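# Coordinate inspection notes
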Amino acid sequence: MIDPSGTTSSPTVFVIDDDLAVRIALERLFRGAGWTVRTFASAEEFLQQDLEVARGCLVADVHLGRMSGLELHATLGNRDGAMPVILTSGVDDVNMEQQALRLGAIAFFRKPFEAGALLDSVRRSLAAR
Amino acid sequence: MSETAKLDSRLELLLRLVESITASPDLDQVLDSVVRSASSLVEGSRSTLWILEGSRLVARARVEPRRRSNVPGRCEFALGEGLAGHAALERRTLLVPDVLADPRTVNRAFHEAEGLRTCAVIPLISHGRLVGVLELLTSDVADLGPTEVEMLTAFGGHAAIAIESAGLYADTERRRHEAETLADIARDLAEQHDLDAILARIAGGAHALCGGDVTSLALRDVDGSFGARFMIGARSETYRNFRVFPGLGIGGRAAVERRPARAAERAEWPRMPSEYAAAIDAEDLQSALVVPIVVDRTVDGLLYVCSRSSHAFSNADETVLVRLADHAAAAIHTARLFAAEQEARSEAENLIDTLDAIVLDADAETFEISFVNKRAEAILGYPVDAWYEDPQFWVHHVHPDDRDTAAADCSQAISEGRDHVLQYRMLAADGRVVWMHDMVRILSGGPGGRRQLRSVMVDITDRMRAEALLAGEREILALIAAGTPTAGVLDAICRLIESMSEGLLASVLLVESGLLRHGAAPSLPRSYTDAIDGAAVGPCAGSCGTAAYRKETVVVSDIATDPLWARCRELALAHGLAACWSSPILNGRGDVIATVALYRRVPGTPRAEETELAARATHLIRILNERDQATRALQQSEERYRVLVTHVPAVTWVANASLTSVFVSPNIVQVTGFTVEELTAGGTDGWLAQIHPEDVAAVRERYEALKFKWAPYDMDYRLRHRNGHFLWIRDCAISAYERDGVVYFAGVLIDITRRKQAELEVQRQRQLLTHLTRVATLGELSGALAHELSQPLTSILTNAQAGLQFLAREPVDLDEIHDVLNDIVDADRRAGEFIRRLRALLRRGETPRQPLHVNDVTAEVLRLLHSELVAHGVAVSTQLAPGLPKVNGDPVALQQVLLNLIVNACDAMRLDEPQERRIAIVTSRDGDGAVRVAIADRGVGLPREGVGRVFEPFFTTKTQGLGLGLVICQSIVAAHGGHLSAENNADRGATFWFTLPASNGAEPADT
């Protein structure tokens, strides 16, 4: 286990979910794990920010407003492709899961998910950077 | 009123009219009831009966609505003038839809002022003779249909009979009156010698019998001129005093020509001196009849009757006047004889022979005749010698039925020494029965000092006949009115005829489809009537068959030789029938309905009074036929109703206004298992006791409204069957009507249990379908719904695990834990709320109606659809009007409508660019008392082939849709009293909207 306090600047987890309650819960979870957390209600909002994404990880819901999580993933991949992406979904959709993984998502979680598994996945993706 | 009921009440009207005709010989009364009946056909109509007098139609009876104007109506028309005059002249029914547009109308101003637009005129024709017209004026052409015209024709037929009948009655009455007057005068002649009294009586008789305005009897004076001696009705002194000279004026003409002179109108009076004209004009006389009084070949007097109207006197008047003048002559002669004290027997005999009476002298004990006048031969037909030859002639020729009584009464009076008067029948030489009015005086000083009697016998047969006929007719009319069967009435008619004329055998045959059927013939042998029964009508078929064929009277004076009897000659002769006269009887349409035949056992032709008997019989049989027709029509109508009431699977009921007396058709036992008696025994309460407790209050309310407001109703309720289960009954109170001052209600009960069950089944199916489509919609949304539920669950789980992380640290941040738990609670609530919503939508059956705000319903649906909208990238804008009234609705059903419309909108925008996917939801007021919800999208729009198609069942653009969503939405909105509609937007996409009525007394929603 890496102690986040031991790093000069702690890695940032970017959370995109259109549901405020989910955003708050995830923010709390990741903060509790020692990461810096930034939350966004939509993909557009996230893209508008000029973000330092070098050491970060994105946790986004597939079902967002105009631009879906998958589209966002594709967009990010086209840019500089470095940020690891973890997708979540409230719907059982095998196709979508396969598509996401094919596009290079680190993991795909169906809501409601085990927080431990998500934390592990985020931790792994951050460590891989 | 239904058509049948209308017909029924009209038949009754007709029957009453027939009754009133048979019950009253008073013409005015009958005509009054005819116009009343006619005007009652159409409310607010004006009905007039015009009688033909000469060449003019004169209004005789009229019923009209309250007059609107002062424009005078006409009371008289010439033939061919106006609509009434045209119908009379052309002798055909006239129906003029718009009298103002018809060129024949003469009194336009009147019709216009009174608002009378449509006119029907029925000519009244009796025995081929026009007697008048019946006219009905109404304000609306729709009031005069074929039925009304047919009824008017029937009324007109009755009026014609009544007018004709009145004429016949008048005639009979007149004859009776004449016979009485002449008998009275004859009695005076026999009993007193006061000339003035007799002449005054003659003048009075002439005045009464001829019906003139001024009557005078003038006698010749020494200078040869005539001065009025007895005058009645004159108003001017000039007329009373003027004298008539032979050759001048109408009286002068009668004096010179020694025969009656007549002037029918003023212009016909002969040339006369100016003082004559002045006298006549002073009295305003128009017509006159003068008969000379000739005594011993000299005109000794003039008997005048004059009238202030034209055409006042007929041949009948002349006959009467001539007889009166004869009496006057006899009286003058007698007076002269007495004055000269010349009582020479021969002259007395002359005098006596001029009397229209038998004068005889006879022995008071033996009745042996010592003198009889020559007139006796003319009156009874026996030669004078016969009277002398048989000492008992008088006794032997009194009718056997009267003989003993007459002789006994006479002997009794003689023994008491008093003059007396007898009435009895005598037998004439030709077999006639002659009624005698016998005035007997006892004279003393006959040969050998024996007491003599002088008898003056006046023939009063006409008077007795007239009276007997009148009485007989009244009896028969009473039989008709009392509903005596046809055969019985016909029998009585035959017997009346036979009683009126010795040796006549009467027979009535009914004509049915070209065959003669036995009607009545009480005196003909059965073997004869049986053989005739069923004979065919034809051009050569005895008297009756031929009369029916020709539609005219057939007189066969000798059956033995007449070719018309070729076929049944032997039969008639075998039964001793020698002559037969038959008259056809025609109904109002001109069809022969019967024949009346008079037979004799000796060959011969009918006498005048026998022809009249046949005419009377015809008249009576026509009245009988009218009665039978009306009765039959009524019976048929009753039969129709009985069949209807018994066989129609509906129970009919009639109740009085207080619902205390109820008639229920007996077939109720088949519906309810209870008999009529069981159901009506307890009155209204007994009935209500059988009604389902949930329905009783509503039924009672309707009954009260019927009782007190005469409000008809049509309601369904449950009624207990005898076996305990409940039937669904439809109960309609159809009409209220009044009879004899009592108001009745009528209605029907129909067992609608099966229909009701089917309705309930349909309703159940519809609910099921509604539920299924709702579930189907939710199925389509399952992804979004799962997402929606997974969000709070995610929040809960994540929060809980974050909380655990916080707890694992020292020191525990309690604020953080507090927040975590709060968020968990919120999320859990949110999940619970969502599940509650979903459960409501998935539940089967209807949710009770409740006051709702459409804005709340909209918000609720949007919450439910949040994920779906997000998943489709659809942006929703709402514009929810504040202060809308509440609607009374099923919240789940209305959510279903909105859900469907919004999902459809999302679906329609599937292919849109993301930024175009926008839905606008607008709520607003829709006029007074309704709200409107509109959902506009920017999608592909409605199909080009027709906006309405989207509301057709199984129309769908989706690959997986049932095609029932919008159909169900429409039925939900309709069930709420609203309307669902759609149209394409001007630029792109479509707008669906629906309206819902505000609930009663709804206060505006909170803003």
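Residues numbered from 1 in each chain as written. Chains lettered and ligands numbered in written order. Predicted model: local features only at pLDDT ≥ 70, side-chain atom pairs only at ≥ 80, totals over all residues. Heavy atoms only, no water.

Let's shift gears to the overall build of chain A. Counting secondary structure elements, chain A contains 5 helices and 5 strands. For chain A, the α and β elements follow one another from N to C terminus as β-α-β-α-β-α-β-α-β-α. A total of 129 residues make up chain A; the buried ones form 51% of that total. Counted over contacts in chain A with a minimum sequence separation of 6, partners at least 24 positions apart contribute 64%. Split by element, the accessible area of chain A, about 6000 Å² in all, is 48% carbon and sulfur. (Helix = DSSP H or I, 4+ residues; strand = E, 2+ residues; numbered from the N terminus. Buried < 20%, exposed > 50% of the residue type's maximum accessible area, 1.4 Å probe, protein only. Contact = heavy atoms within 4.5 Å. Areas by Shrake-Rupley, 256 points an atom, 1.4 Å probe, with all protein chains shown as cover.)

The end-to-end C-alpha distance of helix H2 (residues 27–39) of chain B is 18 Å, a good match for the 18 Å that 13 residues give at a rise of 1.5 Å each. Looking only at H2(B), the buried set comprises B:Leu27, B:Val30, B:Leu31, B:Ser33, B:Val34, B:Val35, B:Ser37, B:Ala38 and B:Ser39. (Expected span 1.5 Å × (residues − 1).)

Looking now at the packing of helix H1 (residues 20–32) of chain A against helix H28 (residues 814–842) of chain B. Contact geometry for H1(A) and H28(B): axes closest at 11 Å, N-to-C directions at 150°. With respect to H28(B), the axis of H1(A) lies roughly antiparallel. Viewed along their axes, H1(A) and H28(B) form a crossing whose handedness is left-handed. Here A:Ala21, A:Ile24, A:Arg28 and A:Arg31 of H1(A) come into contact with H28(B), specifically with B:Glu816, B:Asp819, B:Val820, B:Asp823 and B:Arg830. Residue composition of the contact of H1(A) with H28(B), grouped by class: 3 nonpolar, no polar and 6 charged. (Axes fitted to C-alpha atoms, helices over the stretch in contact; angles between N-to-C directions. Parallel < 35°, antiparallel > 145°, perpendicular 65-115°, else oblique. Left-handed = near helix turned anticlockwise from the far one by under 90°. Nonpolar A, V, L, I, M, F, W, Y, C, P; charged D, E, K, R; others polar.)

Below, the discussion takes up the packing of aromatic side chains. Scanning all chains against the criterion turns up 13 aromatic pairs over all chains. Pairing B:Phe367 with B:Trp394 gives two aromatic rings, centres 5.4 Å apart and planes at 65°, and the pair type is edge-to-face. Placement of the pair is B:Phe367 in the loop between strand E13 (358–363) and strand E14 (369–372) and B:Trp394 in helix H14 (residues 393–397), with a sequence separation of 27 residues. One exposure class covers both B:Phe367 and B:Trp394, and it is buried. Ring centres 5.4 Å apart and planes at 80° place the aromatic pair B:Tyr382 and B:Phe393 in the edge-to-face group. Note that B:Tyr382 is positioned in the loop between helix H12 (375–380) and helix H13 (384–389) and B:Phe393 in helix H14, a separation of 11 residues in sequence. An identical accessibility class is assigned to B:Tyr382 and B:Phe393; each is buried. Aromatic rings pair up to connect A:Phe14, A:Phe40 and A:Phe46 into one cluster. Note that B:Arg266 overlies the ring of B:Trp269, its terminal NZ or CZ placed 5.8 Å from the centroid. (Phe/Tyr/Trp six-rings, centres within 6.5 Å; stacked < 30°, edge-to-face > 60°. Lys NZ or Arg CZ within 6 Å of the ring centre and 35° of its normal.)

This brings us to the confidence of the model for chain B. Residues and elements named next belong to chain B. Scored by pLDDT, chain B comes out at a mean of 83, with 92% of its residues at no less than 70. Confidence scores differ between elements of chain B, with helix H1 (residues 3–23) showing the lowest mean pLDDT of 59 and strand E32 (residues 930–936) the highest of 93. Note on residues 1002–1007: pLDDT under 50 across the span, and 15 contacts to partners over four residues away in sequence or across chains. For this predicted complex, the interface confidence comes out at an ipTM of 0.87, alongside a pTM of 0.40. (pLDDT = per-residue confidence, 0-100.)

Residues and elements named next belong to chain B. Strand order in the open sheet formed by 6 strands is E9-E8-E7-E12-E11-E10, with antiparallel pairing between adjacent strands. Across the chains shown, the open sheet's two edge strands, defined by having one partner strand only, are strand E9 (243–244) and strand E10 (261–263). Across 6 bridges, the pairing between strand E7 (residues 214–220) and strand E12 (residues 298–307) is antiparallel. Its bridge partner being in E12, valine 214 is matched across the sheet by cysteine 306. (Pairing = 2+ DSSP bridges.)

Right, let's get into the pattern of salt bridges. Counted according to the given criterion, the structure contains 53 salt bridges over all chains. When the shortest N-O distance is used, the salt bridge between B:Arg517 and B:Asp533 registers 3.8 Å. You can see B:Arg517 sitting in strand E19 (residues 515–520) and its partner B:Asp533 sitting in the loop between helix H18 (526–532) and helix H19 (542–550), a full 16 residues away along the chain. Look at B:Arg517 and you get partly exposed, because its relative accessible area is 33%. Classification of B:Asp533 by relative accessible area gives partly exposed; the value is 34%. Each of the salt bridges in this network shares a partner with another, and the network as a whole consists of A:Glu27, A:Arg28, A:Arg31, B:Glu816 and B:Asp823. (Salt bridge = Lys/Arg side-chain N within 4 Å of Asp/Glu carboxyl O.)

The next thing to look at is the pairing of strand E3 (residues 56–61) of chain A. On a regular strand, one side chain projects to one face of the sheet and the next to the other, so that they alternate. Residue and element names in this part refer to chain A. Burial analysis of E3 places 6 of its 6 residues in the buried class, which makes it a mostly covered element. Note: E3 against strand E4 (residues 85–89), 4 bridges, orientation parallel. Note that in E4 the partner of valine 59 across the bridge is isoleucine 86.

Residue and element names in this part refer to chain B. Here 5 strands make up an open sheet; going across it, the order is E24-E23-E27-E26-E25 and the pairing antiparallel. Two strands lie at the open edges of the sheet, namely strand E24 (662–664) and strand E25 (713–720), each paired on one side alone. Neighbour-to-neighbour, the strand axes of the sheet open up by a mean angle of 25°, direction not taken into account. Bridge count for E25 against strand E26 (residues 726–739) is 8 bridges, and the pairing is antiparallel. Its bridge partner lying in E26, arginine 720 is registered against phenylalanine 726. Along the sheet, helix H25 (residues 693–709) contacts strand E23 (650–656), E25, E26 and strand E27 (742–751); its crossing angle with E25, the most-contacted strand, is approximately 140°. Against the sheet, helix H26 (residues 753–780) makes contact with E25, E26 and E27, and its axis sits at roughly 125° relative to E26, the strand it touches most.

Here the focus is the interface of chain B and chain A. Opposite the 28 residues of chain B that make contact, chain A presents 27 residues. Carbon and sulfur atoms make up 54% of the surface buried where chain B meets chain A, a total of about 2200 Å² over both sides. Linking chain B with chain A are 4 salt bridges. A salt bridge links B:Glu816 to A:Arg28; the shortest N-O distance between them is 3.3 Å. At the surface where chain B touches chain A, the tally comes to 12 residue pairs in polar contact (both at pLDDT 80 or more). (Buried area = accessible area lost by both parts, 1.4 Å probe. Polar contact = N/O pair within 3.5 Å; in protein donor to acceptor, adjacent residues only side chain to side chain.)

Residues and elements named next belong to chain B. The topology assignment puts leucine 130 in strand E6 (residues 129–138). Since its relative accessible area comes to 11%, leucine 130 is described here as buried. Sequence spacing of leucine 130 and alanine 160 is 30 residues, and the spatial spacing of their C-alpha atoms is 8.5 Å. Excluding its chain neighbours within four sequence positions, the residues that come into contact with leucine 130 are Leu52, Leu79, Ala88, Arg91, Pro123, Leu124 and Ile125.

Residue and element names in this part refer to chain B. Here E7 pairs with strand E8 (residues 226–232) via 6 bridges, running antiparallel. Bridging from a neighbouring strand, serine 216 pairs with methionine 231 of E8. The loop that links E7 with its antiparallel partner E8 comprises 5 residues; one of these, glycine 224, has a positive phi angle of about 90°.

Attention now goes to the confidence of the model for chain A. All names here are of chain A. Mean pLDDT over chain A: 80, with 81% of residues reaching 70 or higher. Here helix H3 (residues 69–79) is the element of chain A with the lowest mean pLDDT, 72, and H1 is the one with the highest, 91. Overall, residues 1–8 carries pLDDT values under 50, and its contacts beyond four positions in sequence, including any with other chains, amount to 5 contacts.

Cis geometry marks the peptide bond from A:Lys111 to A:Pro112, where omega comes out at -10°. Mapping A:Pro112 onto the fold places it in the loop between strand E5 (107–110) and helix H5 (115–127). Residue B:Pro811 follows B:Glu810 across a cis peptide bond; omega there is -10°. Among the structural elements, B:Pro811 can be located in the loop between helix H27 (782–807) and H28.

All names here are of chain B. Following the sequence through the fold, tryptophan 581 ends up in strand E21 (residues 579–586). On the basis of relative accessibility, which here comes to 5%, the residue tryptophan 581 falls in the buried class. The sequence separation of tryptophan 581 and serine 543 amounts to 38 residues, and the corresponding C-alpha distance is 6.3 Å. For tryptophan 581, the side chain forms a polar contact with the main-chain oxygen of glycine 604, separated by 3.0 Å.

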